[in-house]
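Understanding the architecture of this molecule
In case you want the letters, here they are:
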Amino acid sequence: MKARSQELVEKSIAAMVSAIEVYNKPDFKYREETFSILAINAWELLLKAKWLKDHNNKVRSLYVTEKRMRPNGKPYKHAKVKMTGSGNPFTHSLDYLAKKMAEKKTLADAAHKNIIALCEIRDSSVHFYNKSRVFAVRLQEVGSASVRNYARAAQSWFGTDFSQYNFYLMPLAFVKHQQPSDAILLNKEEKNVASFISSLEAANDPVTGYAVSVNIELKFLKSKAGDAIKVQVTNDPGAPKVQLTEEHLKDKYPLNYAALTKACTERYCDFVQNKKYHNLRKPLKADKRYCHVKKLDPDNPKSAKQEWYSQAVFNVLDQHYTSKGK
C-alpha cells in the first residue's frame, strides 16, 4: 500500500496539472480564477504530504485540536480533535502549514510569499471579480513562479519527475489578445491586490531559484534546453497569434537575397546562382518558416518588397546541394 503522503502527492500533481491545462486553453472565460483555485489546492495537498512525511505518516498530525474543559472548568489532559459539521476531523489550513514550514526553513521564504500572493488572488477572484488585463498579467507572473516553485519543491521533497508533463503556463500572447489600453482599468480592489503582491516581491531569491513572481517576456530563440517551450511558425489561421517586433523579425529572418546567395556559395561546393537555385528558392517565399516578405513602405500598398530568409531555408537547400564539409 502507498503511504498517505505519496497518495497526497499524486492528488496534488493532478490538481496542478489540471490548473495548467485549464490556463493554457485558447479560449477559457474563467482562466485566472480557475487556475488560482486549483493551484492553491495543489499546494495545500503537497504541503500536507510533506507534513505527513515529516511526522511518520501519522494522519493525526494534520488534525486541528482544541482544549476540552471538565465540568469543573479545568481542561482535560489531552486535546480533542476539532470536527467539521459533517463529523470529519478539521485539518490544518494551507496558511498554517506554509507558515510553520517556512519557520522551520523547510519551505523557502520566496515560495511562502508566492503562496500568500496566490491566495490573495484567489480570494479576490472568488469573493469579487477581476476584469483588468493588468490583473491577468500579474496573475501570470505569480502563477508562473508558483508552478516553478511547486515543481522544485516536489522534486526536492519527493523526487517527483515532471518530464512527462508540459509543466508551464503559456504566455498571454499565445492564449489571448493583449490590449494595451486596458492597462488603466484597475479598480480599487485590484489596485490593492496588485500593491500587496508588489510588497511581497522583495522575497525573490535567485540563489535558491524560488520566486514570488517572474517577468514573462516572449522571444523566439534557438535553444537546446530540454525545458524550452517549443514553437513553430505556421500558416494555420486557427493557430494562436504572436506579434513579432521589427527586432524579432531581424533575428528570425537575418538573410536578404544577397546574404543568402553568398552563404550558399560558401556552404556548398556545387552551388551555382542559376535557374535551379531560383526554382528552389521561390516556393519558399510563401512559407513563413523560411521567408518574410517585407514592404519597404508599409503604408503604401504598391511599395517595393524585400525578401528576408531564416536559417531554416538551409534545411531545404541542403537536400539539393553538396556541403563543402562532406
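Each value, and the rule that gives it
- Residues numbered from 1 in each chain as written.
- Predicted model: local features only at pLDDT ≥ 70, side-chain atom pairs only at ≥ 80, totals over all residues.
- Heavy atoms only, no water.
- Helix = DSSP H or I, 4+ residues; strand = E, 2+ residues; numbered from the N terminus.
- Buried < 20%, exposed > 50% of the residue type's maximum accessible area, 1.4 Å probe, protein only.
- Contact = heavy atoms within 4.5 Å.
- Areas by Shrake-Rupley, 256 points an atom, 1.4 Å probe, with all protein chains shown as cover.
- Pairing = 2+ DSSP bridges.
- Phe/Tyr/Trp six-rings, centres within 6.5 Å; stacked < 30°, edge-to-face > 60°.
- Lys NZ or Arg CZ within 6 Å of the ring centre and 35° of its normal.
- Core = buried A, V, L, I, M, F, W, Y, C linked by side-chain atoms within 4.5 Å.
- pLDDT = per-residue confidence, 0-100.
- Arc of directions from axis to C-beta.

1. Here's the deal with the overall build of the protein
When helices and strands are tallied, the protein shows 11 helices and five strands. The buried share of the protein, taken over its 326 residues, is 38%. Across the protein, every contact between residues at least 6 apart in sequence was considered, and the portion connecting residues at least 24 apart equals 70%. Of the roughly 19800 Å² of accessible surface on the protein, 52% is carried by carbon and sulfur atoms.

2. Some details on the sheet that holds strand β4 (residues 291-295)
What the three strands build is an open sheet, ordered β3-β5-β4; its pairing is antiparallel. Every interior strand has two partners, whereas the edge strands, β3 (255-256) and β4, have only one.

3. Observations concerning the pairing of strand β5 (residues 305-309)
Two elements, β3 and β5, share two bridges in a ladder whose sense is antiparallel. Paired with N256 across the two strands is W308, which belongs to β5. Strand direction decides the pairing type here: β4 and β5, joined by five bridges, are antiparallel. Bridge pairing in β5 places K295 opposite K305.

4. Details of the packing of aromatic side chains
Summed over the entire model, instances satisfying the criterion amount to eight aromatic pairs. Note on Y257 and Y277: the rings are 6.3 Å apart at their centroids and 35 degrees apart in plane angle, and the pair reads as tilted. Taken as a pair, Y257 in helix α9 (residues 257-267) and Y277 in helix α10 (residues 275-281) lie far apart in primary sequence, 20 residues in all. With a centroid separation of 4.9 Å and an interplanar angle of 85 degrees, the aromatic rings of F271 and Y277 are classed as edge-to-face. The class of F271 is buried, set by a relative accessible area of 12%. Among the aromatic residues, those joined into a cluster by ring pairs are Y257, Y268, F271, Y277 and Y321. Positioned above the aromatic ring of F90, the side-chain terminus of K82 is 4.9 Å from the ring centre. It is K276 that lies over the ring of Y321; its NZ or CZ is 4.5 Å from the centre.

5. Some points on the nonpolar core
Soluble, globular proteins show a tendency: their nonpolar side chains are buried together. With 49 residues, the main nonpolar core has M16, F35, W43, L47, L107, Y150 and F167 as its most contacted residues. Sorting the residues of this core by element identifies α1 (4-23), α2 (31-54), α3 (94-103), α4 (109-127) and α5 (133-158) as the ones contributing at least two each. When residues of this core are assigned to their parent elements, the largest contribution, 11 residues, is made by α2. Core analysis: the second largest hydrophobic core is formed by 17 residues, Y268, F314, V316 and L317 among them.

6. Some points on the environment of L296
Of note, L296 is situated in the loop between β4 and β5. Between the C-alpha atoms of L296 and Q306, which are 10 residues apart in sequence, the distance is 6.9 Å. When sequence neighbours within four positions are dropped, the list of residues in contact with L296 reads S303, A304 and Q306.

7. Observations concerning unusual backbone geometry
A positive phi angle is found at N57, which is not glycine, with a value near 60 degrees. Inspection of the secondary structure assignment puts N57 in the loop between α2 and β1 (65-66). Look at N57 and you get partly exposed, because its relative accessible area is 24%. Here K105, not a glycine, exhibits a phi torsion of approximately 65 degrees, which is positive.

8. Topic: the confidence of the model for the protein
Confidence in the prediction for the protein averages 79 pLDDT; 75% of positions are at 70 or higher. Looking across the protein, the model is least confident in helix α6 (residues 172-175), with a mean pLDDT of 45, and most confident in α3, with 94. Scored below 50 in pLDDT, residues 173-185 makes 26 contacts in the model with residues more than four places away or belonging to other chains.

9. Side note on α3
Burial in α3 covers these residues: L94, L97, A98, M101 and A102. Buried residues of α3, viewed axially, fall in a sector of 125 degrees; they line one side. Downstream of α3 by a residue or two, K105 has a phi angle that is positive, lying close to 65 degrees.

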